[in-house]
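# Commentary on secondary and tertiary structure
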Number of protein chains: 2
Amino acid sequence: MPRPTITQVAALAGVSIASASRALNDQIASAETIEKVRKAAAELGYIPDSRARSLKLGRTQQLAYAVADIGNPVYVEMMSAVQHVVAASGYRLVISSTGTTSTSLEVVDELRRGHVDGLILSPLRVTDELIQALELAPVPVVVLGRAPEESTIDSVRADSPRGMRMVVDHLVATGRRRLVFLNGPRDTTPGRLREEGFLAAMAAHPDAEGRTFAAPDFTIASGYAAAQKVLDDADDAPLDAIVAANDLIGIGALHAADDLGWSVPGDLSITGMDNTELAEVTRPGLTSVDLGAAERGRLAAELLLARIAEPTRAVHTVTVAPSLTIRASSMAKPLAQATAERGVG
Amino acid sequence: MPRPTITQVAALAGVSIASASRALNDQIASAETIEKVRKAAAELGYIPDSRARSLKLGRTQQLAYAVADIGNPVYVEMMSAVQHVVAASGYRLVISSTGTTSTSLEVVDELRRGHVDGLILSPLRVTDELIQALELAPVPVVVLGRAPEESTIDSVRADSPRGMRMVVDHLVATGRRRLVFLNGPRDTTPGRLREEGFLAAMAAHPDAEGRTFAAPDFTIASGYAAAQKVLDDADDAPLDAIVAANDLIGIGALHAADDLGWSVPGDLSITGMDNTELAEVTRPGLTSVDLGAAERGRLAAELLLARIAEPTRAVHTVTVAPSLTIRASSMAKPLAQATAERGVG
DNA sequence: CTGAAAGCGCTAACAA
DNA sequence: TTGTTAGCGCTTTCAG
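Attention in this report is confined to the structure presented alongside it. Everything numeric here is computed off the predicted structure, so don't read it as measured data.

### Some points on the protein's contact with DNA strand D
Around DNA strand D, the surrounding shell holds 24 residues, and the nearest of these are Ile 6, Tyr 46 and Arg 53 of chain A together with Ser 19 and Thr 33 of chain B. Counting only atoms of DNA strand D within 4 Å of the protein, the sugar-phosphate share comes to 58%. Between a phosphate oxygen of DNA strand D and a main-chain N or O atom of Ser 16 of chain B, the distance comes to 3.0 Å. In the environment of DNA strand D, a phosphate oxygen lies 2.5 Å from a nitrogen or oxygen atom belonging to the side chain of Thr 33 of chain B. Looking at the surface near DNA strand D, the elements that each hand over two or more residues are helix H2 (17-24) and helix H4 (50-57) of chain A together with helix H2 (17-24) and helix H4 (50-57) of chain B. Considering only residue class, the surface near DNA strand D consists of eleven nonpolar, seven polar and six charged.

In structure tokens:
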């Protein structure tokens, strides 16, 4: 049996389809009509067709979430939060993985198909071209990341510079003086911001020195190779802390240190960033900056829903405060030794 | 400026809207018409409205992926694979998180809105009620998990019993004789199957003995607590291997062993299941059975697309072969000691 | 408060 | 090959 339409509900209730529609939606009808229609709808198991509704109303009750790589734990965390908010508001979530190479422009172009009422976009690189496209997008867009100050696009950003500052302050406070920043690719937004944040933080500590090194990817393997190189050169260029640009690189560094016989945190502190589940799983646990991925996802979804509800509202740029989760990988030396005795190091 | 419609394209090209539609879709038109329409469409930047198309054609070019918890790494891995296949075939992916409590029945009901052309469902519990609902679903469904033999639903299943057999064989071959199976909740499909698989595998090794213990969740915290209890009781009930029902429980066990001063794999082998990214991150690395999550996701998507293309085709039940990834957590003793000297244990 | 009718944008008969 | 027309299922004027 085919799905019942509103026409059949109306027929069974003995009213016009217009009345049926009104009774079901606005409730603007006589009590008697509403009752009859509800009963008929229930009897037939009527559920309105979202395709027809979309066409008529010009909205789909769907939102898009587009990121470079939906497998990335940070994006997954955001997505869960987004999905939660979105579902609670009666929207569906359409995901699209843009791939690390593309510029997200295709995603914006796709919006013109009208299949979603809004977009949450986390672009790897924010180009002028992209911003321009977003301003002209047919539906509201919220950017997870840095949108230019003067743009008219809502955005939710992490505060990685401040996060970096927290990490560096913590390392210096626990006695580290020669820090190496292990970055991913510098031509990405996180790569650029985190490195700038690191250097700015170091500038506040004249008694400590920091240098930087860029791995080709934000991955464990890249982090491992990069850390290996840095640790191998330690005779010429000593160090007592590695500040990784993200958890994956940090874990790679943790493994490299382990394999090269460095004691963490005895000889070397290692920190990550993003505070993914992975950071909790390593031993020693990886100290990491939580940039509030879930919180950012939640806010992005709320901003988007608010703008859909009120398209002319003021532009919002929300920054989520980071927090530092200190784990064993960056404990101060006395603590570190106590830990090592238990067999952790 | 509003999105151009096919009416405007037709007007600019100087043909009827029907001709414009044919030229754009089937290409059944004179070369001249096709050329004119293409030019007009390009000039206006025309993109067909997917809402109107959905209503007219009765299909949305969207598929749904529904799992209990989209934050779970296994589901994420599947989702990535699904998204990959689906996007390559011109479909969009709508995700929905059913929550651990629900029976997935709401998801099936939602299908009647007609917003997707098919569903990939990974139910936590497969009830008769659910299967019945799936058989009556208005669009094709592929189940990730066990569908009853006689049902008419395509499904892709992991072979966790065989995976368990591989783990147990490996542990026995490396000298372990007293195995404890650390399960999650037994009233879930994976919980039941994995425990049965463990017991069946043990039956093949009369010289070894195995017992089981159920944690309330498939989480690190539950695994930690459960392992703690089992290890505390080791005087009365000795053991030399923990077989965890999944990686999270395995990692919890790894941490508990560490904290209680057990050397892994010196005193104790620990294994997980699912071979998530997490298993690679721990030290010692967690031996784990790869149940082919990505492969299952890929196959499920392909099965769904095939059924949509040919609704009357034969029912397919595909089983993906597991593979064992041996890491340091279950090395044989000689190897284990060599590793320990390097400071891993 | 209710019903008739228009129409969202598109595709697919059908006729020419 | 082309144009005319109906209609997918629904909401929303507009009269009554």
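### Comments concerning the side chain of Arg 157 of chain A
Residue and element names in this part refer to chain A. Along the chain, the position of Arg 157 falls in strand S5 (residues 154-158). According to the relative accessible area criterion, Arg 157 is buried, its value standing at 8%. A distance of 3.0 Å separates a polar side-chain atom of Arg 157 from the backbone oxygen of Ala 147. What Arg 157 contacts, discounting residues up to four positions off in sequence, is Gly 145, Arg 146, Ala 147, Glu 149, Arg 296, Thr 317, Val 318, Thr 319 and Val 320.

### Points about the protein's contact with DNA strand C
Taken together, 24 residues form the shell around DNA strand C, and within it Ser 30 and Thr 33 of chain A together with Ile 6, Tyr 46 and Arg 53 of chain B come nearest. Atoms of DNA strand C within 4 Å of the protein: sugar and phosphate make up 61%, bases the balance. The side chain of Arg 22 of chain A places a nitrogen or oxygen atom 2.8 Å from a base nitrogen of DNA strand C. The contact in question runs from a base nitrogen of DNA strand C to an N or O atom on the side chain of Lys 56 of chain A, over 2.9 Å. Residue assignment for the surface near DNA strand C shows that the elements contributing at least two residues are H2 and H4 of chain A together with H2 and H4 of chain B. Broken down by class, the residue content of the surface near DNA strand C amounts to eleven nonpolar, seven polar and six charged.

### Topic: the packing of helix H10 (residues 220-232) of chain A against helix H11 (residues 247-259) of chain A
Residues and elements named next belong to chain A. Closest axis-to-axis distance for the H10/H11 pair is 7 Å, and the angle between their directions is 50°. In terms of orientation, H10 and H11 fall into the oblique class. When the axes of H10 and H11 are compared, the crossing they make is right-handed. In contact with Ile 220, Gly 223, Tyr 224, Ala 227, Gln 228 and Leu 231 of H10, H11 contributes Leu 248, Ile 249, Ile 251, Gly 252, Ala 253, His 255, Ala 256, Ala 257 and Asp 259. Broken down by class, the residue content of the contact of H10 with H11 amounts to ten nonpolar, four polar and one charged.

### A few points about the relation of the copies chain A and chain B
By a simple turn and slide, chain A fits onto chain B: the slide is 0.0 Å along the axis, the RMSD is 0.1 Å, and the turn is 180°. On this basis, the relationship between the two copies can be described by a two-fold rotation axis. Considering only C-alpha atoms, the part of chain A nearest the rotation axis is Val 94 of chain A, at 2.2 Å. A shared binding surface is used by both copies, with 100% of the interface residues of chain A retained as interface residues in chain B.

### Notes on the nonpolar core
Counting residues in each nonpolar core, the largest one holds 56 residues, and the members touching the most others are Tyr 65 of chain A together with Tyr 65 of chain B. Excluding residues that lie within four positions of it along the chain, Tyr 65 of chain B makes contacts with Tyr 75, Met 78, Met 79, Val 82, Leu 93, Val 94, Ile 95, Ser 96, Ile 120 and Leu 144 of chain B. Ranked by size, the runner-up nonpolar core spans 50 residues in total, among them Ala 253 of chain A together with Ala 215, Val 264 and Leu 286 of chain B.

### Regarding the pattern of salt bridges
Under the defined criterion, the tally for this structure stands at 30 salt bridges over all chains. With its nearest N and O atoms 3.5 Å apart, the salt bridge here joins Glu 209 of chain A to Arg 178 of chain A. Of the two residues, Glu 209 of chain A sits in strand S7 (residues 209-214) while Arg 178 of chain A sits in strand S6 (residues 178-183), which places them 31 residues apart along the sequence. The partner of Arg 192 of chain B in a salt bridge is Glu 196 of chain B, and the shortest N-O contact between them spans 3.4 Å. You can see Arg 192 of chain B and its partner Glu 196 of chain B sitting in helix H9 (residues 189-203), four residues apart, about one turn around the helix. On the basis of relative accessibility, which here comes to 43%, the residue Arg 192 of chain B falls in the partly exposed class.

Criteria and cut-off values
Residues numbered from 1 in each chain as written. Chains lettered and ligands numbered in written order. Predicted model: local features only at pLDDT ≥ 70, side-chain atom pairs only at ≥ 80, totals over all residues. Heavy atoms only, no water. Near = heavy atom within 4 Å. Polar contact = N/O pair within 3.5 Å; in protein donor to acceptor, adjacent residues only side chain to side chain. Helix = DSSP H or I, 4+ residues; strand = E, 2+ residues; numbered from the N terminus. Nonpolar A, V, L, I, M, F, W, Y, C, P; charged D, E, K, R; others polar. Buried < 20%, exposed > 50% of the residue type's maximum accessible area, 1.4 Å probe, protein only. Contact = heavy atoms within 4.5 Å. Axes fitted to C-alpha atoms, helices over the stretch in contact; angles between N-to-C directions. Parallel < 35°, antiparallel > 145°, perpendicular 65-115°, else oblique. Left-handed = near helix turned anticlockwise from the far one by under 90°. Least-squares fit on C-alpha atoms with pLDDT ≥ 70 in both. Core = buried A, V, L, I, M, F, W, Y, C linked by side-chain atoms within 4.5 Å. Salt bridge = Lys/Arg side-chain N within 4 Å of Asp/Glu carboxyl O.

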